[in-house]
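Chains, contacts and geometry: an overview
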Amino acid sequence: MTPHVEPDPRAGAAVKAADRAHVFHSWSAQGLIDPLAVAGAEGSYFWDYDGNRYLDFTSGLVFTNIGYQHPKVVAAIQEQAGKLATFAPAFAVEARSEAARLIAQRTPGDLDKIFFTNGGAEAVENAVRLARIHTGRHKVMSAYRSYHGATSTAINLTGDPRRWASDTGSAGVVRFWAPFLYRSAFYATTEAEECARALTHLEDTIAFEGPGTIAAIILETIPGTAGIMTPPPGYLPGVREICDKYGIVLVLDEVMSGFGRTGAWFAADHYDVTPDLMTFAKGVNSGYVPLGGVAISAEIAATFDKRPFPGGLTYSGHPLACAAAVATLNVMADEGIVDQAAHIGSAVLEPGLRELAARHPSVGEVRGTGVFWALELVKNQETREPLVPYNAAGADAAPMAAFGAACKKNGLWPFINMNRTHVVPPCNITEAEAKEGLAVLDDALAVADEYTTG
């Protein structure tokens, strides 16, 4: 594949200048950033105005599950724009109804009612509101090493440093440690120990907080930005049992892990667990038009049969976004994209990443499934000291910056968070493309190795 435009540095400079003059970027010190001016994208690649092409191992922000510019989804958006570009959410609209039907067809259990939002954070906001009203309770429990969004409730439920600056609205939020054997909070040495001790810790926390005060437990089925820590066997079913015991709503956040990312339609499918509420976004339409939502169980939906739900959004179930979702879900089914993600994970990424780990002293652990993987980079494999400190910035983050620069120099755009690089390409990446990315990672890890001490 080659860029579809001729290199045009002057146009790129104009795009960059306008950005720097007027665009305020998220999560950034505005005067310290230098955003790449993107000229185009297709499939698993994007390119800049200088003609440099990058294999995207980030899928945008882990949302382009079917890659960039899929012609069937682009055509569906164009067709919907010509037919009915927008309409208020109180009406029954074909694209909205069909998107809800197709999503409900894939969700586990009886999660058959869909409340549409514009993204994942709003989905979490509304899931929490549903749980609190349904139970009449106010507390919500969430895990450290989690990310649930940047709106008011969602950011206060988040368990990473992005929460700290907004930690003024955490009333009713209770945090706990979820399982993560590599950096166990429970001094566990096996997955079985980690699972049992994490469940005991969770139930003990519930007991001391007061079971009758807790509306919901929210968990990313497989935590995404926080490190792609796949839960040990038995953990999620154990959480389900605890929630049932105390009348607590179980919310699974599938914003990042849903719609094929893990090699299943939803990560919950791997664990045979059905939550009461499930949040989604990102992969539902590959991010082509903003869309998210909450899949709601029959019991919780019944709470609002005669009682109005006190929430809504102007663009809930926007026709363009829903048309993109319909097309995306049909493309995923017709082209076997979920199976492709599972195949790439088991046949290419897992063996390839484990081979890299065996050769590079900077790799402490490989973990993941499907096209959802993380490499934990360390200074010393024995001590497991992270390659950079927690929430490092500036000079402290130099080793990861050097690793990232080596990736980009060789045409790979990496997903880097703290001391990890995540391998999260589109679900329909080819074997050849995945191997191309692994080869670049191999070279870049040699740079990370220079910072090791073991």
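Please refer to the structure placed before this passage.
Residues numbered from 1 in each chain as written. Predicted model: local features only at pLDDT ≥ 70, side-chain atom pairs only at ≥ 80, totals over all residues. Heavy atoms only, no water.

**Points about the nonpolar core**
The cut-off we apply is this: Side-chain atoms within 4.5 Å link the members of a nonpolar core, which is a set of buried Ala, Val, Leu, Ile, Met, Phe, Trp, Tyr and Cys residues. Buried means the residue's accessible area, taken with a 1.4 Å probe over protein chains only, is under 20% of the maximum for its type, while exposed means over 50%, and partly exposed covers the values in between. Each helix corresponds to a stretch of at least 4 residues labelled H or I by DSSP, and each strand to a stretch of at least 2 residues labelled E; elements are numbered beginning at the N terminus.
Counting residues in hydrophobic clusters, the biggest one holds 102 residues, and the most contacted among them are Ile 217, Tyr 235, Leu 353 and Leu 441. The biggest single contributor to this core is helix α10 (residues 319-334), with 11 residues.

**A closer look at the layout of surface pockets**
Just so we agree on the cut-off: For cavity detection a 1 Å grid was placed over the protein atoms alone, and a set of points counts as a cavity when a 1.4 Å probe fits there but cannot get out; an open set counts as a pocket when protein lies on both sides within 12 Å along at least five of seven lines, with lining residues being those that have an atom within 4 Å of a point. Grid points are joined across faces, edges and corners, and a volume is the space filled by probe spheres set on the points. Side-chain classes are defined by residue name, with Ala, Val, Leu, Ile, Met, Phe, Trp, Tyr, Cys and Pro counting as nonpolar, Asp, Glu, Lys and Arg as charged, and the others, Gly among them, as polar.
For the second largest pocket, the calculated volume is near 330 Å³. Contributing to the lining of the second largest pocket are 21 residues, with Arg 145, Ala 226, Tyr 390, Met 418 and Arg 420 lying nearest its centre. Its residues assigned to classes, the lining of the second largest pocket comprises 11 nonpolar, 4 polar and 6 charged.

**Focus on the sheet that holds strand β10 (residues 292-296)**
To be explicit about the condition: What makes two strands pair is DSSP finding at least two bridges between them. Axes here refer to lines fitted to C-alpha atoms; in helices the fit is confined to the stretch in contact. Angles between the N-to-C directions go from 0 to 180 degrees. Residue contacts are defined here by distance: any two heavy atoms, one from each residue, within 4.5 Å place the two residues in contact.
If you trace the 7 strands from one edge of the open sheet to the other, you get β4-β10-β9-β8-β7-β5-β6, paired in mixed fashion. The outermost strands of the open sheet, each flanked by one partner alone, are β4 (113-117) and β6 (173-176). On average, each strand axis in the sheet is inclined to that of its neighbour by 20°, with strand direction left out of account. The sheet contact formed by strand β8 (residues 249-253) and strand β9 (residues 277-280) spans 3 bridges and is parallel. In the strand pairing of β9, Leu 252 is matched with Met 278. Running at roughly 120° to β4, helix α4 (residues 94-106) makes contact with β4 and β9 of the sheet.

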